[in-house]
Amino acid sequence: MSHIKELYLCKNIDDLEKKSVIPDVREKKMKILLETAKKLYEEAEKNFRKGDQEMAYVLYTRYFNLLNTIYKKRDYLESKPLIRQMLGDNRSNKMTMDRLEMLTESLNKRYDILNAKASAEKEHRENIGGGSVNGSLSHFNSTLGSASPKTNAVANSATAAGNGFPTSLRLMSCQQLFDAMLTQNVLVMDCRSSEDYKMSHLNYALAFNVPQELIQYGMSAGKLQDKLDPESKKLWSARAIKDHVVLMDWSSSDANPSETTAIGVLLNILQNWDPDVTYRSPIKILEGGYEYFKMSYPTKCTNPRVQAPSTPQNNLNLVDDIEYPSVFDIQMKDEILSTTKATSPIRPMIDRSSKQAAIKMYSEKEKAIDEIVKEQEILLEKAQENDEELQKVAKQWNNIYDKQQLDNSDQEILYKMMQLESVAEDYKLDNIRLREELEEYKRREKESVSILPQQTQAAVEQTTKEIEAKIEERQRRDEQLEKEKELRAAQLAIARENKKSYQAKQLEKQAEQEALEKRDAESIPPPPEFAQAKVSNVPQFDRSVKPQLTAHQQQPPQAATPQIYALQKQRDFSPMRGSVGRGLTGLKNLGNTCYMNSILQCLSNTPQLAEYCITDKYKNYISRNNKTKGQIVEEVAALIKVLWNGNYKCVASKDLRYVIGQYQKMFRGIEQQDSHEFLTILMDWLHSDLQTLTVPEHAREPMTASDKAWLDFTKAKESLILHLFYGQIKSIVKCITCDKESATYECFSNLSLELPENNNICQLSQCLDMYFSGERINGWNCPACKQKRDAIKKLNISKLPPVLVVHLKRFYADTDSISPMYKKKQNYLRFPLENLNMSPYITISESRRNTSKSYELYAVSNHYGSMESGHYTAFCKSSTYGKWFKYDDQMVTPQDASTVVSSAAYILFYTRLTPSSQYITETNPSRL
């Protein structure tokens, strides 16, 4: 929100309420009411962002008054899908109501200040007989200075607002604090308990503890200072000379914390009861608290593995366990599916009898046709470039497809062709979308009464015809490309058959050679002195392992104890030297290992995980008592170090691949595997290898049902992987007859979302809506009714992970085919690069946590081709350079952000954490 606008509309909340009354609209049609409500909400948001609190209050209140009328309409139930589509669900409206309550509180304070100021000035004029404005304000401020704490608080708030410091500027992000710590211009007051502070605190000379047990309401700053220890008293006195003073507890993110909390009381003391100090800037609150900071910058904390104590729950909050008071509040899957089928947007309601409205409509039409023209120009230019590149690669493919065995350079041509074909398909869908938008535009034109001059109308019609002609021309080109693609698919089938035939012949030759060697060995006995040696030294080969494995890799890690193994290990990265940016090293393809390379690059570009590996912090938390004995995390960490070394163009992950193959056979050979399956297994292994963080007893009580399920899953042993990637789903089953609600909990490291059927272009929000929507189940044993009942099942997220991984279920079993086979959905999914809002999908208790619900995309694992023949790449946003890069096995190249969204997207990596890119420049690992 920008600078708060001065009060101008009213003098109190009651007057604002009078302006918020709406006329009787009960007889209006539902569609008109929804359009009006949507417009009210948009205008309210606009005014709120502009800082006009009064007008925002009026419009928000009108919106809710109109919403109340909508709920009372007879056709409310049948209109629910349309209502949700236009106005959002109950949770969205709850967030809006919270904002309205915040505005009410803020305006009440500001009106008190305004009226107090007016009274003071009036009294001053009456007693003194006038005077300068400055004199009046001085009298006003001195009067407030000796007033009650509440009045004094209002005065401080007024000063802050008057100086251009709205409460939104009182929050300081973790990154801002880190930057300020580097320049030593910030004083940090940690108001957690002294016990928590001793366990872990900021590794910063100007941070000290103001224990929450010492902070009491009604204290002055001087009295609080007397209770501090000598070292803290010295730092306390620095609050007047530092540019910033920041308050911090475990997890606060509220710019106006409640005075029932230690941080709220401390803020009140410093603002209102510290008369001897003039602060250089408004006192700030660390957003997300110490818990958020230690996750973002663990190297700046004395003990980053410490866990925040659970927030005590009182009995009044037990009602939060009931997520949906009525089954009618649950959005059903069939409602969502019906809305996703509608491709045309809802048209605005326009009063065509109004000349002003008609002129506005004309300008909107003109804008719409201009936007279509511009979008078409960009689309055609990019599509033409892709066509030309595809033609070049297709010519190369024509010369090699019938080879008996494709070598590495041939494979690169094939993979490039798959990617270009995927991009061409995306452009084809974009062209179809443009055609649909133009048809919608023409339909609106036909229904409306033209008010344009004849010459202008003719120009618009001519432009429309030109757009149509270009769309049709592009369609013809796309049809030709589709035929060429089918021809190449037939060629690829030939290449696959050649490969199978070649491999069969190679296996046959190998078997013959082995049989010949066996015959020779049996017919010629060895010399007596070597007989015993030969028997004891026959090498044992695992034929399922790729033949190219080197000799030292044949020594299994189990041959030594894990501790000795870690010291003895000599890794073979087979690096190709060349100076590149940190984190921009590619991974060699070791024989269909692109699925592995794609995931490893996405994990390497997870800043907190990379920092953990590069700084060797992981070594302090390795578990040797699990199945993999810490070997997986050691190999992953070693590889990530090399990827961030900056001295190699590409390296090979031979050792990691070998160790992984020892524990999961499917990853041993040279067959293509599923990157999602690899990621899920790898996450479990990494968590298990680092599962040494013990949850202290005091942090386990009191416990909600969600906390208990989490503890059951972790067995009171946690890890950085758990803290970063794992969340928790709450599954609710609600009886339709009696509304009885039952809940279970399950942990996850990624969400697997279905893609809509027969929907070429779709939104990520649609997939999330489907996943978290209600589903009817029959024959549920209701514990309240004591018999089988129809019920509704609904999922919500009860714990959001800092890093949210979303898997798109593109592969499915085709049950209509004669023989069972898997096919791939080629949906062009639109997903946001930033501001993915997860608020609509969380439980009530999770919504009250002081953590961000908004996520930013930082990596994508892509899949091109089909089940029979495909290729994986990764798009990753570098935390060092702030730019996107494409990781295609050994090749790493810059990637335009506009091309990150594509139909190849398979796994999305989102984060709500601040990238801690500092470790890249601070860390220089000398030992790999």
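Definitions and cut-offs
Residues numbered from 1 in each chain as written. Predicted model: local features only at pLDDT ≥ 70, side-chain atom pairs only at ≥ 80, totals over all residues. Heavy atoms only, no water. Helix = DSSP H or I, 4+ residues; strand = E, 2+ residues; numbered from the N terminus. Contact = heavy atoms within 4.5 Å. Areas by Shrake-Rupley, 256 points an atom, 1.4 Å probe, with all protein chains shown as cover. Salt bridge = Lys/Arg side-chain N within 4 Å of Asp/Glu carboxyl O. Buried < 20%, exposed > 50% of the residue type's maximum accessible area, 1.4 Å probe, protein only. Core = buried A, V, L, I, M, F, W, Y, C linked by side-chain atoms within 4.5 Å. UniProt positions renumbered as here; feature names shortened; annotations may be inferred. Pairing = 2+ DSSP bridges. Axes fitted to C-alpha atoms, helices over the stretch in contact; angles between N-to-C directions.

(A) Highlighting the overall build of the chain. The number of helices and strands found in the chain is 29 helices and 26 strands. Across the chain, the fraction of contacts at a sequence separation of at least 24, relative to all contacts at a separation of at least 6, is 74%. As displayed, the chain has an accessible area near 47,300 Å², and 51% of this comes from carbon and sulfur atoms.

(B) Expanded view of the pattern of salt bridges. The final tally for this structure, using the stated rule, is 31 salt bridges. One salt bridge connects Asp572 with Lys654, and the closest N-O pair in it is separated by 3.4 Å. Of this pair, Asp572 sits in the loop between helix H19 (562-568) and strand E6 (576-577) while Lys654 sits in helix H23 (residues 654-663); the two residues are 82 residues apart in sequence, bridging distant segments of the chain. Overall, Lys654 belongs to the partly exposed group, its relative accessible area being 21%. Ionic pairing is found between Glu634 and Arg624, a salt bridge with its closest N-O pair at 2.7 Å. With Glu634 in helix H22 (residues 631-643) and Arg624 in the loop between helix H21 (607-614) and H22, this pair connects stretches of sequence that are ten residues apart.

(C) View of the nonpolar core. Counting residues in each nonpolar core, the largest one holds 114 residues, and the members touching the most others are Met189, Leu247 and Phe725. Tallying contributions element by element places H22 first for this core, with nine residues. Those residues in contact with Leu247 that lie beyond four places of it in its chain are Met189, Ile263, Leu266, Leu267, Leu270, Ile283, Lys284, Ile285 and Leu286. Membership of the second largest hydrophobic core comes to 51 residues, among which are Met417, Val806, Leu829 and Val901.

(D) Layout of the UniProt feature "coiled-coil region" (unreviewed entry) in the chain. Following the UniProt record, the feature "coiled-coil region" (unreviewed entry) maps to residues 27-54 here. Between the C-alpha atoms that bound residues 27-54 there is a distance of 29 Å. The span itself is 82% helix and 0% strand.

(E) Representation of the pairing of strand E24 (residues 884-888) within the structure. Counting buried residues in E24 gives five out of five residues, a clear majority hidden from the surface. Neither face of E24 is exposed, since Trp884, Lys886 and Asp888 on one face and Phe885 and Tyr887 on the opposite face are all buried. When strand E23 (residues 870-877) meets E24, the two strands line up antiparallel, connected through four bridges. Within E24, the position partnered with Phe875 by the bridge is Lys886. Between E23 and the antiparallel strand that follows it, E24, lie six residues; Gly882 among them carries a positive phi value of about 70°. For E24 and strand E25 (residues 891-895), the ladder comprises five bridges, and the chain directions are antiparallel. The partner of Tyr887 across the bridge, within E25, is Val892. The turn joining E24 and E25, which pair antiparallel and follow one another in sequence, is formed by two residues; a positive phi near 55° is taken by Asp889.

(F) Region of interest: the sheet that holds strand E1 (residues 171-172). Ordered by their spatial adjacency, five strands build an open sheet running E1-E5-E4-E2-E3, and the pairing between neighbours is parallel. In this open sheet, the two edge strands, each paired with only one partner strand, are E1 and strand E3 (207-209). Judged from the five bridges that link them, strand E2 (residues 186-190) and strand E4 (residues 244-248) form a sheet pairing that is parallel. Across the sheet, the residue bridging to Leu187 is Val245, located in E4. On top of the sheet, helix H12 (residues 262-272) reaches E2, E4 and strand E5 (284-286); it is set at about 155° to E4, its chief contact.

(G) Region of interest: the pairing of strand E15 (residues 775-782). In this structure, E15 lies alongside strand E16 (residues 787-799), joined through six bridges in antiparallel fashion. Paired with Glu775 across the two strands is Lys793, which belongs to E16. The antiparallel pairing of E15 with E16 creates a hairpin that spans four residues between the two strands, and Lys786 there sits at a positive phi of about 60°.

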